[in-house]
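# Working through the structure, step by step
Spelled out from the first residue to the last, the chains are:
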Amino acid sequence: MEAGNKVIQGLISIIVPIYNGEVYLGRCVQSIQAQTYTMWELLLVDGGSADRTLAFCEAWRERDDRIRVFHSKENRGVSYGRNTGIREARGEYFFFVDADDWLQPDCLARLYEEIQQESVQIAGCGFERCSDRDWEEARRPQEKAYEKRLVAGKDFLAEGILKQDTRCWSKLYRRELLKGHFFKEDYTIGEDMLFLWETAREAEVISCSEYPGYCYYYNANGAMLRPFRASDMDQIRCWQYVLNEVRSGNAAADAKGDEAPYGPEILQKAASILLVSCMLTMGKLACLPAGKRKEYDGLQKQCRRTVKETLEIEGAYAGLDGGYRLKIKLFERFPKLYIGLYGLMKKRKR
């Protein structure tokens, strides 16, 4: 973060990276302007949009001096946009929102209240999958109380990330926790999980609320639903990174004669998720036409090596259902046969 930015106490810096967002960005901005907690700044980071996004952003900035606009000539990805926001932010707290999502009116107020608790450095809430129809319904602050729990940062890998809370958004971060932490710009999938992993493990306490204050827009053209591309291998890379970090952390502790920070069940769970990530990625590849799949033979072989290496971890199958076990065994032994059969099955279903 840039030392030249004067930090404003109590201010929440909301960072929104955008690319060609003219259709949906308006409701995101409106939901932020409707927040009951009003001490915020909104950083709209446009990545070379080819539509009217930048013009819309400038129009909102002119009408609301809490809005700041940043623009790059080319689209360098969501991580670049978030990192730009981190560097330019002036708030005591940081909050990330994707441009096609929106917030319930009391989202920031609830999270701000949670992060005021002693030792809490990240306050997170739940989310709901939303559609265009959900935006049209009335939105108002909720009086209902929701379950919440406090988790030590060192335990969040087991208690959060490995239980599918891998999202960087829907969380309020204290500024000091983010010092030196940025999103990995060479990842297109999993970069938010890695950012959360690296910041959460340094937090004293994380507050986790079930309040669904974040509205996640289900995008049919999202990264996980589009046809296979080479960058989809990032889903595998990010879990390899976590697995390697767990191993190296235990090895470092062992060298010092200290207790291992991560138990065998954590290693097993991370290995199981890595195996599932391999199968999901190869499932996307299998849906390509046979001729197109040949272009990615190298990635297929790379994925097979990862599966073989991961299966050497004791208990890697733990937690996987019979279907995944069968898929993994078939892919490990006959990768081309598996991909061909899987692709044919998906084609018939369509």
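Before going into details, it helps to say that this report is about the structure given with it. All of these numbers come straight from a predicted model, not from anything done at the bench.

### Here's the deal with the packing of aromatic side chains
Applying the stated criterion to the full structure yields 18 aromatic pairs. Between F96 and Y173 the ring centres are 5.8 Å apart and the planes differ by 70°, which places this aromatic pair in the edge-to-face class. With F96 in strand β4 (residues 91-96) and Y173 in strand β9 (residues 171-174), this residue pair connects regions lying 77 residues apart in the sequence. The residues F96 and Y173 share a single accessibility class, namely buried. Aromatic side chains W169 and Y216 sit 5.4 Å apart centroid to centroid with 10° between the ring planes, which places their arrangement in the stacked category.

### Side note on the pairing of strand β6 (residues 120-124)
With 5 of its 5 residues buried, β6 lies for the most part within the structure. Here 4 bridges tie β6 to strand β10 (residues 205-209), and the two strands are oriented parallel to one another. Bridged to I122 within β10 is I206. Bridging between β6 and β9 involves 3 bridges; their strand directions are antiparallel. Each bridged residue has a counterpart across the sheet, and for I122 the counterpart in β9 is Y173.

### Quick notes on helix α12 (residues 322-333)
The end-to-end C-alpha separation of α12 is 17 Å, in line with the 16 Å expected for 12 residues at 1.5 Å each. Among all positions in α12, only I328, F331 and E332 are buried. Buried residues along α12 cover an arc of 100° about the axis, so they all sit on one side. Turned more than 90 degrees away from the buried face of α12, the exposed residues are G322, L326 and R333. For α12, the elements touching its buried residues are α9 (264-286), α11 (297-311) and α13 (335-349). For α12, the side-chain oxygen to backbone nitrogen distance between the N-cap and G323 is 3.2 Å, and the N-cap itself is D321.

### Here's the deal with the sheet that holds strand β7 (residues 127-130)
Spatially, the 3 strands line up as an open sheet ordered β5-β11-β7, and their pairing is mixed. What marks the edges here is a single partner per strand, and that holds for β5 (102-103) and β7. As paired elements, β7 and strand β11 (residues 214-217) share 4 bridges and run parallel to each other. Bridge assignment links C130 to a residue of β11, and that residue is Y217.

### Brief notes about the pairing of β10
Along β10, 5 of the 5 residues are buried, which leaves the element largely enclosed by surrounding structure. Residues of β10 alternate between two faces, with V205, S207 and S209 on one and I206 and C208 on the opposite face, all of them buried. With 5 bridges connecting them, strand β8 (residues 148-152) and β10 associate as antiparallel partners. Bridging across to β10, K148 finds its partner in S209.

### What to know about the nonpolar core
Counting residues in each nonpolar core, the largest one holds 96 residues, and the members touching the most others are I14, V16 and F95. With 12 residues, α9 is the single largest residue contributor to this core. Excluding residues that lie within four positions of it along the chain, I14 makes contacts with I32, W40, E41, L42, L43, F95, V97 and L108. Grouped together as the second largest cluster of nonpolar side chains are 5 residues, W102, C130, W135 and C215 included.

### With respect to the sheet that holds β8
Read across the sheet, 8 strands follow the order β3-β2-β1-β4-β9-β6-β10-β8 without closing on themselves; strand pairing throughout is mixed. Lying at the two open borders of the sheet, with one neighbouring strand each, are β3 (67-72) and β8. In this sheet, adjacent strand axes meet at a mean angle of 20° when their direction is disregarded. Across the sheet, helix α3 (residues 78-88) touches β1 (8-18), β2 (40-47), β3 and β4, and the angle it forms with β1 is around 160°. Sheet contacts for helix α7 (residues 191-200): β4, β6, β9 and β10; angle to β9, the most-contacted strand, approximately 45°.

### Some remarks on a positive patch on the surface
On the surface, a cluster of positive charge is contributed by K294, K301, R305 and K336. Relative to the assigned elements, R305 resides in helix α11.

Conventions and cut-offs
- Position numbers for residues count from 1 along each chain, tracking the sequence in the order it is written.
- For this predicted model, a pLDDT threshold of at least 70 governs which residues receive local features, and a threshold of 80 or more governs which side-chain atom pairs are given and counted, while totals over whole chains, interfaces and linings are taken from all residues.
- Each side-chain value is worked out from all heavy atoms of the structure, with water and hydrogens disregarded.
- Any pair of Phe, Tyr and Trp rings, taking the six-membered ring for Trp, is counted once the centres come within 6.5 Å. Such a pair is stacked with planes under 30 degrees apart, edge-to-face with planes over 60 apart, and tilted for the rest.
- Secondary structure follows DSSP: runs of H or I at least 4 residues long count as helices, runs of E at least 2 residues long count as strands, and numbering of each begins at the N terminus.
- For the exposure calls, accessible area comes from a 1.4 Å probe over protein chains only, and a residue counts as buried if that area is under 20% of its type's maximum, exposed if over 50%, partly exposed in between.
- Two strands are counted as paired when DSSP detects at least two bridges linking them.
- Expected span, for any helix, means 1.5 Å times one less than how many residues it has.
- Each C-beta atom gives one direction from the helix axis, and the arc is the one those directions make.
- Residue contacts follow a heavy-atom distance rule, with two residues in contact if any of their heavy atoms lie within 4.5 Å.
- Residues adjacent in sequence count toward polar contacts only when both atoms are side-chain atoms; beyond that, a polar contact is any pair of N or O atoms within 3.5 Å, and within protein one must be able to donate a hydrogen and the other to accept it.
- In this description, a nonpolar core means a group of buried Ala, Val, Leu, Ile, Met, Phe, Trp, Tyr and Cys residues linked to one another through side-chain atoms lying within 4.5 Å.
- Axis definition: a line fitted to C-alpha atoms, limited for helices to the stretch in contact. Angles are taken between N-to-C directions and run from 0 to 180 degrees.
- Each patch is built from salt-bridge-free residues with over 30% relative accessible area, joining like charges within 9 Å and nonpolar side chains (Val, Leu, Ile, Met, Phe, Trp, Tyr) within 5 Å.
- Using a 1.4 Å probe, the Shrake-Rupley method yields the accessible areas, and only the shown protein chains count as cover for residues.
- By definition here, a salt bridge exists when the distance from a side-chain nitrogen of Lys or Arg to a carboxyl oxygen of Asp or Glu is within 4 Å.
- Under the convention used here, Asp and Glu are negative, Lys and Arg are positive, and both His and the chain ends fall outside the count.
- Where a charge lies is defined by one atom per residue type: Lys uses NZ, Arg uses CZ, Asp uses CG and Glu uses CD.

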